[in-house]
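Here is what each chain is made of, one letter per residue.
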Amino acid sequence: MAAGRAFLGAPCSSLAAGARRLAFASPRKRGLAPALRCGVRGRCVASASSSSPDAASAQERYVLTTPLYYVNAPPHMGSAYTTIAADAIARFQASLLLVLLQSLCFGSRLLAKKVIFITGTDEHGEKIATSAEASGRNPKEHCDAISSSYKMLWADLDIEYDKFIRTTDHKHEAVVNEFYSRVLNSGDIYRADYEGLYCVNCEEYKDEKELVENNCCPVHLKPCIARKEDNYFFALSKYQHKLEELLTRNPDFIRPSHRLNEVQGWIKSGLRDFSISRASVEWGIPVPNDTKQTIYVWFDALLGYISALLDDGEQGSLQQAVDHGWPASLHLIGKDILRFHAVYWPAMLMSAGISVPNAVFGHGFLTKDGMKMGKSLGNTLEPKDLVERFGADAVRYFFLREVEFGNDGDYSEERFINIVNAHLANTIGNLLNRTLGLLKKNCKSTLVFDSIAASDGGSFSENVENLVNKAKHHYENLLLSSACETVLEIGNLGNLYIDEQAPWSCFKKGGESTEKAAKDLVIILETMRIIAIALSPITPSLSLRIYTQLGFTEDQFRALRWEDTKWGGLKAGHVMMEPKPVFARIETEMVDVAQANLKAAKGGKKKAHSKGLVEA
């Protein structure tokens, strides 16, 4: 998730550049030196060449999580949306890495911000067992299949997580047992009967005042079931004042601000203790002091954020997991599970003597036909189908650009195609293609000037840098739609500039006009280089295609940091690649063919003929 100045022409030793290449290379491409360990995205973790015991503690960590998705059915666009947003935030945070090489010898020490992006699947509970039975599989087989479908979709969407936790992992069960014992020793667990209306889909007892007509769950619109059980309870009410103090002391704990008002309302209305075990559910982690009951799915799953920090195969303790990176910097969740993350979870952590996360961000729903998408409602938008028809970049861009992060957003295929064509194919793709075409025709694809000399202190480069700083501010504040809009403004500036300067006409005039035209092309190509970096958290594959068209390698692209958006990266003599469209327009006829192909593939019928949809 992460520009090496060495790659872009600024002074830097070959040893430093080599260290960068190792630190930030793609996991599929890189060959790691013993002195460096890296995460999935090539995010630098630490320098093993430093023997200092405080090397790890000197790192600044950014730990980001999605919800652990419930595996009652394959992923839908709602869960994909959260994960796309998390991936964009993680990529941006990694681009802010601060690398310090204390010396240029083999004993150099590398310090960096460590970004840990956690996702995974929640695999216990009554609903899972029911779904498994309906599919003719045992619960473990069912969980294996659905969890794999999440991993495959994340790969399709260019999502590069660092940790994927499954609540059926042995390391997770060990952490849950230890956490339960801590809370028990704090005197916050007791046994009692519970009677109430239970939503199987939410895995939660509901207060009658929450329900809609016919005692239906307001989220799933299905009747809740009357139940009475002998359960273990967590003394949530004990933490009411502490939670109120937390929100008063740190109002940014809940974001956006209108979600904070919601949470404060819940707490002020009075917190009730909640059941943390189930006597009627076999598929779960047994209660340590009573194996006849299993731990409530939420009390179990929330701990996945901590157990995920343990390395694969590591049978560590709860404290070891905490030491690996807790507290989380940001939990990204849907607003429907805000209560669990903003009320239950911090109280549980307080009880166990563990720090609460820094922030919880509850985003809105994706809707279709005005209704929340959900597997239980049967109105899902299939993300795999969207990727197959339009490509990952288009899907990522549309949902992050068109849905203001934190609010609800509705999907329209017509708007999807119009936005993607206008922004990615026309404003960005066409600007690059026609500029490279002019460079090839008039300058043999070689830059005649440095980008700094080409701009010559003009206002254009200053305007671009101002917009880059604006985009950075938006990324930092999770305003992903605004970040996309600001990067697009840079593209609009480039298109306006090339149309006004008309370098094609200047080349025809010859003389001094030829020099001016050559400078104008460098200015536009420097603009495209900056766009590629600034948009890379949103559309990583498109940004890579742009960067390689500009004559750089994939390793150079993967070494980029946000600081490389500074004007001045292109140098005289640099050779560009042959112009080739980096993003083809989506044509309506092709969409119809792609839809027919998908239906035919699902039905096992012969596919319709198509030349392809989106160049990638």
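Going by the annotation in an unreviewed UniProt entry, the name recorded for the protein chain is methionine--tRNA ligase, with Paspalum notatum var. saurae given as the source organism. Listed in UniProt under the heading Catalytic activity (unreviewed entry), the comment for the protein chain reads: "tRNA(Met) + L-methionine + ATP = L-methionyl-tRNA(Met) + AMP + diphosphate". If you open the UniProt record of the protein chain and go to Sequence similarities (unreviewed entry), you find "Belongs to the class-I aminoacyl-tRNA synthetase family."

Engineer: It is not clear to me how the overall build of the protein chain should be interpreted in this structure. Could you clarify?
Structural biologist: The number of helices and strands found in the protein chain is 23 helices and 20 strands. Per-residue burial for the protein chain yields a buried fraction of 57% across its 616 residues. In the form shown here, the protein chain has an accessible surface area of approximately 25,100 Å², with 50% of it arising from carbon and sulfur atoms.

Engineer: For this particular structure, what's the right way to read the pairing of strand E7 (residues 163–166)?
Structural biologist: The side chains of a regular strand alternate, residue by residue, between the two faces of the sheet. Every second residue of E7 is oriented toward a common face, with Lys163 and Ile165 on one face and Phe164 and Arg166 on the other, all of them buried. Sheet topology note: the strand E6 (residues 114–122)/E7 ladder contains 4 bridges and is parallel. Counterpart to Thr121 in the pairing with E7 is Arg166.

Engineer: Where do I start with the sheet that holds strand E17 (residues 360–363) in this structure?
Structural biologist: Note on sheets: strands pair through backbone hydrogen bonds, and any given pair is parallel or antiparallel. Taken in spatial order, the 6 strands line up as E7-E6-E3-E16-E17-E11 in an open sheet, and their pairing is parallel. Each of the sheet's edge strands pairs with one partner strand only, and the pair in question is E7 and strand E11 (254–255). Examined bridge by bridge, strand E16 (residues 330–334) and E17 share 4 bridges and lie parallel to one another. Considered in E17, the bridge of Gly334 is made with His363. Seen against the sheet, helix H5 (residues 139–156) touches strand E3 (61–70), E6 and E7 and runs at an angle of roughly 160 degrees to E7.

Engineer: Could you clarify how one ought to interpret the pattern of salt bridges in this entry?
Structural biologist: Any two side chains of opposite charge can pair, on the condition that their charged atoms come close. According to the stated counting rule, one finds 29 salt bridges in the structure shown. Salt bridges here are not isolated pairs; linked through shared partners, they connect Asp87, Arg91, Glu160, Arg396, Glu554 and Arg558.

Engineer: Can you help me understand the packing of helix H20 (residues 512–535) against helix H21 (residues 540–549) in this one?
Structural biologist: Any two packed helices are characterised by the angle at which their axes cross and by the distance between the axes. At a minimum axis distance of 8 Å, the contact between H20 and H21 shows a crossing angle of 155 degrees. Between H20 and H21, the interaxial angle falls into the category roughly antiparallel. Remark: the crossing between H20 and H21 carries left-handed chirality. On H21, the residues touching Met528, Arg529, Ala532, Ile533 and Leu535 of H20 are Ser543, Ile546 and Tyr547.

Engineer: Explanation requested: the environment of Phe233 in the structure shown.
Structural biologist: Mapped onto the fold, Phe233 is located in strand E10 (residues 225–234). Setting aside residues up to four positions removed in sequence, Phe233 forms contacts with Asp188, Ile189, Tyr190, Ala192, Asp193, Tyr194, Asp273, Phe274, Ser275 and Ile276.

Engineer: Teacher, can you tell me more about the sheet that holds strand E15 (residues 290–295) here?
Structural biologist: Taken in spatial order, the 3 strands line up as E13-E15-E14 in an open sheet, and their pairing is antiparallel. The sheet terminates laterally at strand E13 (277–278) and strand E14 (286–287), the two strands that pair on one side only.

Engineer: Which parts of the structure should I look at to understand the packing of aromatic side chains?
Structural biologist: Two aromatic rings, taken as a pair, are described by how far apart their centres are and by the angle between their planes. This model, assessed by the stated rule, comprises 30 aromatic pairs. Both rings, one in Tyr305 and one in Trp345, keep their centres 6.2 Å apart while their planes meet at 65 degrees; by these two values the pair is edge-to-face. With Tyr305 in helix H10 (residues 304–307) and Trp345 in helix H12 (residues 338–351), this pair connects stretches of sequence that are 40 residues apart. The exposure class assigned to Tyr305 is buried, which follows from its relative accessible area of 2%. For Trp345, a relative accessible area of 0% translates into the label buried. The structure contains a cluster of three or more aromatic residues connected by ring pairs, namely Phe234, Tyr239, Phe274, Tyr296, Trp298, Phe340 and Tyr344. A cation sits over an aromatic face here: Lys335 above Phe365, 4.8 Å from the ring centre.

Engineer: Explanation requested: the pairing of strand E8 (residues 189–199) in the structure shown.
Structural biologist: Relative to E10, E8 runs antiparallel, the two sharing 10 bridges. Bridge pairing links Tyr194 to Glu229 in E10. Bridging between E8 and strand E9 (residues 204–206) involves 3 bridges; their strand directions are antiparallel. The residue bridging Leu197 from the neighbouring strand is Lys206, located in E9. Taking the residues that link successive antiparallel strands as the turn, the E8-E9 hairpin has 4 residues, and the phi of Glu203 there is positive, at about 55 degrees.

Engineer: Hey, could you run me through H21 in this one?
Structural biologist: Given 3.6 residues per turn, any residue in an α-helix points the same way as the ones three and four places further on. Within H21, 8 of the 10 residues are buried, which leaves the element mostly enclosed by the surrounding structure. Buried within H21 we find Pro540, Leu542, Ser543, Leu544, Arg545, Ile546, Tyr547 and Gln549. Positive phi shows up at Gly551, right after H21, with a value of about 95 degrees.

Engineer: Sorry if this is basic, but what is going on with the side chain of Ser445 here?
Structural biologist: Looking at the secondary structure, you find Ser445 in the loop between helix H15 (413–443) and helix H16 (451–455). Residue classification places Ser445 among the buried residues on the basis of a relative accessible area of 7%. With near-sequence residues (within four places) excluded, Ser445 lies in contact with Leu439, Lys440, His574, Val575, Met576 and Met577.

Engineer: Sorry, what's going on with unusual backbone geometry here?
Structural biologist: Across residues other than glycine, the phi torsion is negative in most instances, and most of the peptide bonds are trans. In this model, Arg255 is joined to Pro256 through a cis peptide bond whose omega is -10 degrees. By the secondary structure assignment, Pro256 is in the loop between E11 and helix H8 (257–268). Omega for the bond connecting Trp326 with Pro327 falls within 30 degrees of zero, at 10 degrees, which places this linkage in the cis form. Among the structural elements, Pro327 can be located in the loop between helix H11 (318–323) and E16.

Engineer: Explanation requested: the packing of helix H6 (residues 170–185) against H12 in the structure shown.
Structural biologist: The contact between H6 and H12 brings their axes to 8 Å, and the two run at 75 degrees. Viewed along their axes, H6 and H12 adopt a mutual orientation that is roughly perpendicular. Mapping the contact onto sequence places Phe179, Arg182 and Val183 in H6 and Met348, Leu349 and Ser351 in H12.

Conventions we followed
Residue numbers here run from 1 along each chain, matching the order of that chain's written sequence. Local features in this predicted model are restricted to residues of pLDDT 70 or higher, and side-chain atom pairs are both shown and tallied only at a pLDDT of 80 or more, whereas totals for entire chains, interfaces and linings draw on every residue. By convention in this description, side-chain values take in all heavy atoms of the structure and omit both hydrogens and water. UniProt positions are given in the numbering used here, feature names are shortened, and annotations may be inferred rather than shown by experiment. Each helix is a run of DSSP H or I of at least 4 residues and each strand a run of E of at least 2, with the numbering of both proceeding from the N terminus. Each residue gets one of three labels from its accessible area relative to the maximum for its type: buried under 20%, exposed over 50%, partly exposed in between, using a 1.4 Å probe on protein chains only. Note on areas: Shrake-Rupley, 1.4 Å probe, and residue coverage restricted to the protein chains presented here. In short, DSSP must find at least two bridges between two strands for them to pair. Residue contacts are defined here by distance: any two heavy atoms, one from each residue, within 4.5 Å place the two residues in contact. In this analysis an axis means a line fitted to C-alpha atoms, helices contributing only their contacting stretch, and an angle means the value between N-to-C directions, from 0 to 180 degrees. We define a salt bridge as a contact between a side-chain nitrogen of Lys or Arg and a carboxyl oxygen of Asp or Glu at a distance within 4 Å. Should an angle lie under 35 degrees it is considered roughly parallel, over 145 roughly antiparallel, and from 65 to 115 roughly perpendicular; all remaining angles are considered oblique. Rotating anticlockwise by less than a right angle from the far helix to the near helix defines a left-handed crossing, while the corresponding clockwise rotation defines a right-handed one. Working definition: a ring pair exists when centres of Phe, Tyr or Trp rings (six-membered ring for Trp) sit within 6.5 Å. Plane angles under 30 degrees give stacked, over 60 give edge-to-face, the rest tilted. Two conditions define a charge sitting above a ring: the NZ of Lys or the CZ of Arg must be within 6 Å of the ring centre, and it must be within 35 degrees of the ring normal.

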